[in-house]
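# What the coordinates show
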There are 4 protein chains.
Amino acid sequence: MSDPQSAPRTLTTNPFDADGDTLHEECGVFGVVGVTDAANFVALGLHALQHRGQEAGGIVSHSSDVGFSSVRRFGYVRDNFTRASLMETLPGPLAIGHVRYSTAGSKAAAIRDVQPFFGEFSMGGAAIAHNGNITNANALRRELIERGSIFQSSSDSECIIHLMARSLQRDIPSRMEDALRRVEGAFSIVAMTRTKLIGVRDPLGVRPLVLGKVGDSGWALSSETCGLDIIGATYVREIEPGEMVVITENGGIESSHPFRKASSRFCIFEHVYFSRPDSIIGNRSVYETRRQIGVELAREAPVDADLVCAVPDSGTPAAIGFAHESGIPFGMGIIRNQYMGRTFIEPTEQIRNMGVRLKLNVNRALIEGKRVILVDDSVVRGTTSRKIKEMVLDAGAAEVHFRIASPPTSWPCFYGVDTPQREKLLAATMSEEEMTRHLGVDSLKFVSLDGLYRAVGQAEGRNNKCPQYCDACFSGEYPVKPADMIEQGFEMKAAE
Amino acid sequence: MSDPQSAPRTLTTNPFDADGDTLHEECGVFGVVGVTDAANFVALGLHALQHRGQEAGGIVSHSSDVGFSSVRRFGYVRDNFTRASLMETLPGPLAIGHVRYSTAGSKAAAIRDVQPFFGEFSMGGAAIAHNGNITNANALRRELIERGSIFQSSSDSECIIHLMARSLQRDIPSRMEDALRRVEGAFSIVAMTRTKLIGVRDPLGVRPLVLGKVGDSGWALSSETCGLDIIGATYVREIEPGEMVVITENGGIESSHPFRKASSRFCIFEHVYFSRPDSIIGNRSVYETRRQIGVELAREAPVDADLVCAVPDSGTPAAIGFAHESGIPFGMGIIRNQYMGRTFIEPTEQIRNMGVRLKLNVNRALIEGKRVILVDDSVVRGTTSRKIKEMVLDAGAAEVHFRIASPPTSWPCFYGVDTPQREKLLAATMSEEEMTRHLGVDSLKFVSLDGLYRAVGQAEGRNNKCPQYCDACFSGEYPVKPADMIEQGFEMKAAE
Amino acid sequence: MSDPQSAPRTLTTNPFDADGDTLHEECGVFGVVGVTDAANFVALGLHALQHRGQEAGGIVSHSSDVGFSSVRRFGYVRDNFTRASLMETLPGPLAIGHVRYSTAGSKAAAIRDVQPFFGEFSMGGAAIAHNGNITNANALRRELIERGSIFQSSSDSECIIHLMARSLQRDIPSRMEDALRRVEGAFSIVAMTRTKLIGVRDPLGVRPLVLGKVGDSGWALSSETCGLDIIGATYVREIEPGEMVVITENGGIESSHPFRKASSRFCIFEHVYFSRPDSIIGNRSVYETRRQIGVELAREAPVDADLVCAVPDSGTPAAIGFAHESGIPFGMGIIRNQYMGRTFIEPTEQIRNMGVRLKLNVNRALIEGKRVILVDDSVVRGTTSRKIKEMVLDAGAAEVHFRIASPPTSWPCFYGVDTPQREKLLAATMSEEEMTRHLGVDSLKFVSLDGLYRAVGQAEGRNNKCPQYCDACFSGEYPVKPADMIEQGFEMKAAE
Amino acid sequence: MSDPQSAPRTLTTNPFDADGDTLHEECGVFGVVGVTDAANFVALGLHALQHRGQEAGGIVSHSSDVGFSSVRRFGYVRDNFTRASLMETLPGPLAIGHVRYSTAGSKAAAIRDVQPFFGEFSMGGAAIAHNGNITNANALRRELIERGSIFQSSSDSECIIHLMARSLQRDIPSRMEDALRRVEGAFSIVAMTRTKLIGVRDPLGVRPLVLGKVGDSGWALSSETCGLDIIGATYVREIEPGEMVVITENGGIESSHPFRKASSRFCIFEHVYFSRPDSIIGNRSVYETRRQIGVELAREAPVDADLVCAVPDSGTPAAIGFAHESGIPFGMGIIRNQYMGRTFIEPTEQIRNMGVRLKLNVNRALIEGKRVILVDDSVVRGTTSRKIKEMVLDAGAAEVHFRIASPPTSWPCFYGVDTPQREKLLAATMSEEEMTRHLGVDSLKFVSLDGLYRAVGQAEGRNNKCPQYCDACFSGEYPVKPADMIEQGFEMKAAE
């Protein structure tokens, strides 16, 4: 019934990831109802959300003729869900989909871990796609196995479908409420029954989820607004923290708030890095927020230099903002190779920094002899920053100044982002000066937490008593206790 | 978690199967313990059992380093389980495997239906491979779903693993006993835990299962003895009807009889058609039994003719027996193409019987002008028999006499053989004379049921009060009530 | 333009071939004109000829809309040329095809060596498929390269297309005559232009080629008649030695004899082993010839025994003949596995003769305690014979007597059969008695050369002054001097 | 020997290419000698040159053990030439490679058209990789076929290898000179023998080719300097127009100028679009040239607006230059999707401009209400420009002003760039005002030809008597007569 361990797959890998020096959003979710061939819309939506999960994707659809259909694949959406022969196997006016990274702990990726997950209940089937992370999954899993549930995947998200199977409620949305009340952590979920599209966000609203209108009669749910844009849908509103919407094929929407009320703690890192710059979050353009971070940085940490360059691609808006505010010209000092992909075989020891060269090349003619400001989105382990600094110096830069569009990342995320263990985070073990020396740059400055809050529109900065966002990765203040991690030995920051 | 419906696969198909004119054994099972790289032995054993299930195969192994590993694939064992890169993913001294046909009802084959099935219980994992059919699976499935089990496959066999998950017993063999006591029908099962290889047969012993010794310290379980031969194992004995054996890695065997005692009803069709001629069942050579059926046929239904030919390949031993008993020469009047495979594109209407031609060619020079006896193993729908008769007549045969090495097949099997619905069985709707006219042959004779029993060694023929075998497909006397089928409207033969 | 060496492919291999203990026909050729979708007919014809070349196959077709189309693939015809998407790329009423083994010398198989070969000439394109071997290919190749021809393949057959390209003749059939007059050796060729199907045999007619009628207006050329049978074509006649036929789309046939007249020397081994038993050669059934060889063997080399068994599959007709003539019963003592394919990973040293076990299993119950006569088609290196003898003795046979349906194979073939070097042929280095001891059997007898000639219908046996067949592999009398091989050091038998 | 037509492949396609609205460089070439595992270096070099040919790639290597080895594949370098199992088949210290687009005329791509091309001559083999286009290929091909050459591909470049095969010179570099003296048009060639790496540029030097030093003893040839950067090679110099360099394994370089002297006419469009911005051509940074074009544009065609945006990615440097010169802020108004790939299935008519949406999304929040200047590299057919304008207006832009970083493209290129027929070029049939109306934008301005020449460093602008560059696509002044095209009816611009 299940595969205890499938043959491992070699996955497309980012050479920067060799040492885990990036943060990954773990998932994107998308759903559509009330259109012809909903799965084609979902494929497009997932394509637009591919940056949220590049490893694998899946789509479940339902048609009254065929019932539920499902396809789950490793690889990019564009490589799998564009073949007519495959898309024909996903008929019907209702479909949901999911893109994902592998979870941190798993060694070998397995197709059984790819969502959406499906379960057949006595009142019919349901499929769910989950963005986020359940912080009490281990305890739930033990309890469910003890009672006779058989798990198919190593995914925490599977707990939800088993909890639903055991609920005594008579309809699926009610079973879902039952299940989610047992679950702790962050979740933005898109789910479906034979006739309904369902969207839910956890009470804190850590992960995004938006609602759009498709044509006259259809509706879409998407992690980000860029998923609505690609299908030509109109952005309606965000699903609220703690809200569940149930949309029927004929277009009716019912909204409820089944969970205990809490104040919103949206993930601030979505603004800094995860979301696409053309998405709109909380009625703010992500691009504009990032540009504004650059402005804040230029004010907080000015430096006399000749050129502002972005570490492509995510540092570009902040670099533009920094250049504009500082009056120092913006230039493309580092060029990204558009054909990045699998790791090449290293020809010999002669090539240093080959991994970085595959992704980036320095625009030597521009940089030579200049004092260069490099704007990057974040520093995780610092390994990439070192390599980029070396490339820029090799190309003849006179000075290198790093400006980072986020505060120091010194705590891991347990709400759906794949971060290294705390001791691997550079900022968890070093002060700003130590990091400056470690990276060997002329200066290194991070935007302040208050500066970041100002850039996202909180003119007064962070409300330290009741922070407006989840900023645990910067502050160590976790809005939901990470129970599984504590069980495994994680030590939270002492209360101040 | 599960796929409600995967993308359908185009499977290798036998052109004779286009109209379902063959009977399929649905499964073969194999397991080994106490050897290095057990999965390699299992691959060989499954290869030898490939005739019992050509559609798909799977292997689960366990090693103390890696835990459980699993690979399940569509296609032949030789095409999947021969690649070193794949076999390396199946380490350990304990492994089981399964080959299967698709079950009759399923429309699209799905990898999730391929066994062995695996479940993680609180005391550890277990995998099972099942040959046979559960006759009360529908009721069990409904009950299990009602209580919160989530089914992954459309296979009846999955009920067993869910029943095990819900058992209150503290060890896996005991949970398996619990589960199998709820199950009705035919089952020969090979299962494994982390340290134990388990074999079980249902109380009637409908499907075969044999035990062999591998080298000094290893043991094997196999559907047929030909699976032992290929790995050089020594045949020890059959697992008895109703027996469960639990074999540990150090070689200890425990035998128990957990079910209510019943008298054996082994499937007589295993002798006629399913098993390989070089296998030994009940201490009888299958080849010799088939040859003896030919002898019985020659005595019961002699005919004046020039040549005895087999419909290859399964009719050959009976044809040799018929020729020997009758004194009429045996010849290869029909030649089989060794490269049979996928169906070719029909070039035009000009080619009649192309499907048959792909598999067989008539040896025109031998047959021309002769009165030919064609010995075949069975008549199911009669469509193939008609085509072969036409080919033989086209080649210039003077007369065509069919002699069939089994009684008329007039009832479907519900114990693990894929038979057409009753109304599609030629013998269910026609008398011998009607069939003779329908097929357009000069004569048609089936061996009698008593003749068949004599050929399998029952000198007195069939004991009608207490038949020695399951012969439901000929007699309509079902030793286990087919509950699911009756629920779906199947009418059993009225008691006489 | 060409690949100097492509990435090698792992090919489906026969475990018996590991040590080269079989003889391979190197090619089969097929062509059709005057039908709709000729390529579909060619695919069927090649499927029927698959035994003549299992490694790769190719088809070229021509339609007036699309011009020439070509597909060449490694693997079985049934696995490649059955997909509609592929066959649609081969439109038109005229097509030819080729199946092949790799030639003896090549290390890595390359798709560029797969025929048909195609060339564009100033008067249009032509494709050719060649069965046989050119004995002066090395010299021709050197000469052509010296003059500026660029070879694409390592195949000798490519010389023909370059010779055609350099001919000064104005039409393609005439260029082909020009080219073939320069060529020495054995060739049965099927070729095509935009409008014509061409068939040619070398002056000695070493390899077979037959003509058939397809429906009212079509024609087919095939290596063997079994290729005609599968497409429902009517056998018309053999192409004569030294004959060229040019068939136009409207059905006209022109025959010519462009080569110097010679007396026919058809390959006698085609009767013994290469051709399919249901083919007809020289108006004789191959099956009947082989059965008759068994009769001759039983007369020449009788032995007191209990059972006659064939080494499957090619030894079966001779075994039936031997049994019939001797009165000793015929039985299936060795059973062939129908699912043979790639080599499995050897699990451990515990399994002896695994390679043979994958292909064959001994029917222990039949053989135990019996004096067994094993009839095989030939002895090449003797390695397989030893393994089979061991298996039969392990199964408890009391005596093992080998009877071989051909004379001792003591010379290599240079006319299109892949034979080991002379020193590897068992019969080239040992007498019959030495071979008997080497194989460890109770007796070993070969049919005599005269007995073989009688079995193919030469009642007086071999005409030693002017042999009716090419029997160089037995006699060392080569009807065409093997120039390339002599250049490489091969020593012909001294004239007597 | 050759495939007249292989089964067509569905290629990765750019949705913008559906109507041919881009210009493609047709090839990139790369070669290395004097390093361990040269093919790994070539793979990296080709990866860096992927923008010059995305359809297919090939590598030929030579080692003294194995001789020549070759792998040619459709698809990206990163997807093919990164697998260890494949790269191991390309051993040796000397290798060359090629990436390509399909040539304009071919309907179905075929692997036989993928370079490098290889030929075996009497003095040994040679492989060549060609960037450019031969303008008298048709005539050469006819002549070669007439004399008995057999072409394998539909590629013009194959003429070179046949001309070499027929040369009477005794060594390969001399044969290459012979061959190239017969050839007209543009060529930058990287070739190899068993021991030598060869580089050649045509007398006008239309296509680029640079020389680099790899470590102590190795040398590399690359179409662009970015190919040197990725392998850590040091840029040495450009191969001169009309120069041939022959580099031996021990590192010796011989330079010669075998062709008639001519004044250089490097392709100016390499600066505008084809080359990578981080490459250096003629000692000028391509990025800086493009930025400077933006500066020229801002001077020549200023406009009052709120925002300067690039049409990504190639318009970005010019947009930065325009913004800097004009003082109007630069912003990312159009965001590129990094996961572009195969065309998706259009879900319904509801989605307009889906093709563009797959590649780009408008940053609505930035653009809304603004007067936007869009800087693009060129206008070919104008179809994409229209779609982008619509997207930008849909997003609420107040005005849209196009500024194009090249003069109007009104003539096709015959020197290695895939351009539409002249009548499909928007600028060939419309004036600037007509184009402005056709595109529906508020204004449209192209940089002047003199402005472009100034941006590439010719302070005086274009020397109309003796232009410093090939600018035929803008001026219609073809430095080499396009003989094949004239034969096919192309009409050159009348002399003024």
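Analysis parameters
Residues numbered from 1 in each chain as written. Chains lettered and ligands numbered in written order. Predicted model: local features only at pLDDT ≥ 70, side-chain atom pairs only at ≥ 80, totals over all residues. Heavy atoms only, no water. UniProt positions renumbered as here; feature names shortened; annotations may be inferred. Least-squares fit on C-alpha atoms with pLDDT ≥ 70 in both. Contact = heavy atoms within 4.5 Å. Pairing = 2+ DSSP bridges. Helix = DSSP H or I, 4+ residues; strand = E, 2+ residues; numbered from the N terminus. Axes fitted to C-alpha atoms, helices over the stretch in contact; angles between N-to-C directions. Buried area = accessible area lost by both parts, 1.4 Å probe. Nonpolar A, V, L, I, M, F, W, Y, C, P; charged D, E, K, R; others polar. Salt bridge = Lys/Arg side-chain N within 4 Å of Asp/Glu carboxyl O. Buried < 20%, exposed > 50% of the residue type's maximum accessible area, 1.4 Å probe, protein only. Domains from an automatic or database assignment. Phe/Tyr/Trp six-rings, centres within 6.5 Å; stacked < 30°, edge-to-face > 60°. Parallel < 35°, antiparallel > 145°, perpendicular 65-115°, else oblique. Left-handed = near helix turned anticlockwise from the far one by under 90°.

Chain A has the name Amidophosphoribosyltransferase in an unreviewed UniProt entry, where Sagittula marina is given as its organism. One UniProt comment on chain A, placed under Pathway (unreviewed entry), says "Purine metabolism; IMP biosynthesis via de novo pathway; N(1)-(5-phospho-D-ribosyl)glycinamide from 5-phospho-alpha-D-ribose 1-diphosphate: step 1/2." In its Sequence similarities (unreviewed entry) section, the UniProt record describing chain A reads: "In the C-terminal section; belongs to the purine/pyrimidine phosphoribosyltransferase family."

Moving on to the relation of the copies chain A and chain D. One copy of the chain maps onto the second through a rotation around an axis plus a translation along that axis. The two copies are related by a screw operation: chain A maps onto chain D through 180° of rotation and 0.0 Å of translation along the axis, at an RMSD of 0.1 Å. Taken together, the rotation and translation describe the operation of a two-fold axis. Taking C-alpha positions as the reference, the residue of chain A nearest the rotation axis is A:Q338, at 3.9 Å. The share of interface residues of chain A whose copies in chain D are also at the interface is 98%, consistent with both copies meeting through the same surface.

The next subject is the sheet that holds strand β5 (residues 94-100) of chain A. All names here are of chain A. Strand order in the open sheet formed by 7 strands is β4-β3-β5-β2-β11-β10-β12, with antiparallel pairing between adjacent strands. The sheet terminates laterally at β4 (67-74) and β12 (234-238), the two strands that pair on one side only. The average angle at which neighbouring strand axes cross in this sheet is 15°, direction not considered. Bridge analysis of strand β3 (residues 56-63) against β5 gives 7 bridges, and the strand direction is antiparallel.

Okay, the interface of chain A and chain D next. Taken together, the contact between chain A and chain D spans 65 residues of the former and 65 residues of the latter. Both sides of the chain A and chain D interface together cover about 5400 Å² of buried area, and 62% of this is carbon and sulfur. When residues of chain A are sorted by the area they lose upon contact with chain D, A:R78, A:Y339 and A:F344 head the list and together hold 15% of the total. For the side of chain A that touches chain D, the class distribution of residues is 32 nonpolar, 22 polar and 11 charged.

This part is about the relation of the copies chain C and chain B. Superposing chain C onto chain B takes a rotation of 180° plus a shift of 0.0 Å along the axis, which leaves an RMSD of 0.1 Å. Interface overlap between copies: 98% of the residues of chain C at the interface are likewise at the interface in chain B, consistent with a symmetric, same-surface contact.

Between side chains of opposite charge, a pair can form as their charged atoms come close. A full pass over the atoms with the stated rule returns 88 salt bridges over all chains. Here B:R299 and B:E296 are joined by a salt bridge, their closest N and O atoms 3.9 Å apart. Linking B:R299 with B:E296, this pair stays in helix α9 (residues 286-300), spanning 3 residues, or about one helical turn. Given the relative accessible area of 7%, B:E296 is considered buried. Among the ionic pairs, B:D306 bridges to B:R371, the shortest N-O distance being 2.8 Å. With B:D306 in the loop between α9 and β18 (307-310) and B:R371 in strand β21 (residues 371-376), the pair connects residues that are 65 residues apart, well separated along the chain. In this structure B:D306 comes out as partly exposed when scored by relative accessible area, which is 27%. By relative accessible area, which is 23% here, B:R371 ends up partly exposed. Connected via shared salt-bridge partners are A:E296, A:R299, A:E300, A:E325 and A:R454.

Here we take up the domain arrangement of chain A. With domains assigned, chain A is organised as domain 1 (15-267) and domain 2 (285-456). Taking only C-alpha atoms, the centre of domain 1 of chain A and the centre of domain 2 of chain A are 33 Å apart.

Take helix α10 (residues 316-326) of chain C next. For an α-helix the count is 3.6 residues per turn, leaving residues at separations of three or four pointing the same way. Residue and element names in this part refer to chain C. Among the 11 residues that make up α10, 8 are buried, leaving the element largely enclosed by the rest of the structure. Of all the residues in α10, the buried ones are T316, P317, A318, A319, I320, G321, F322 and A323. Contacts from the buried residues of α10 go to α9 (286-300), β18 (307-310), β21 (371-376) and β22 (399-404). Following α10 by one or two positions, G327 adopts a phi angle in the positive range, close to 80°.

So, about the environment of C:G119. Along the chain, C:G119 turns up in strand β6 (residues 117-121). Distance from C:G119 to C:P420, taken between C-alpha atoms, is 33 Å for residues 301 residues apart in sequence. In contact with C:G119, not counting residues within four places along its chain, are C:G124, C:G125, C:A126, C:I161 and D:I150.

Enumeration over the complete set of coordinates arrives at 61 aromatic pairs over all chains. For the ring pair B:Y478 and B:F490, a centre distance of 5.8 Å and an interplane angle of 85° mean the geometry is edge-to-face. Taken together, the residues B:Y478 in the loop between α17 (472-475) and α18 (483-487) and B:F490 in the segment after α18 connect sequence positions 12 residues apart. Across the pair, exposure class does not vary: B:Y478 and B:F490 are buried alike. Pairing C:W411 with C:F490 gives two aromatic rings, centres 6.4 Å apart and planes at 85°, and the pair type is edge-to-face. Here C:W411, found in the loop between β22 and β23 (417-418), pairs with C:F490, found in the segment after α18 (483-487); they are 79 residues apart in sequence, far enough to count as distant.

Attention now goes to the packing of helix α5 (residues 158-166) of chain B against helix α6 (residues 172-182) of chain B. All names here are of chain B. One way to put it is that α5 packs onto α6 with a least axis distance of 8 Å and a crossing angle of 120°. Relative to α6, α5 is oriented oblique. Pair α5 / α6 crosses with right-handed handedness. Each of I160, L163, M164 and A165 in α5 lies in contact with α6, whose residues at this interface are I172, R175, M176, A179, L180 and R182. Tallied by class, residues from the contact of α5 with α6 come to 8 nonpolar, no polar and 2 charged.

Now for the interface of chain C and chain B. Facing 65 residues of chain C, the contacting portion of chain B comprises 65 residues. In total, about 5500 Å² of surface goes out of reach between chain C and chain B, with carbon and sulfur atoms giving 62% of it. Sorting the residues of chain C by area buried against chain B places C:R78, C:Y339 and C:F344 first, and these three jointly supply 15% of that buried surface. Across the contact surface, chain C and chain B share 0 salt bridges.

Further remarks concern the sheet that holds strand β5 (residues 94-100) of chain B. Residue and element names in this part refer to chain B. Strand order in the open sheet made by the 7 strands is β4-β3-β5-β2-β11-β10-β12, with antiparallel pairing throughout. The strands lining the two open edges of the sheet, one partner per strand, are β4 (67-74) and β12 (234-238). Averaged over all pairs of adjacent strands, the angle between their axes in this sheet comes to 15°, without regard to strand direction. Here strand β3 (residues 56-63) runs beside β4; their pairing, made up of 8 bridges, is antiparallel. Bridge pairing in β4 places H62 opposite F68.

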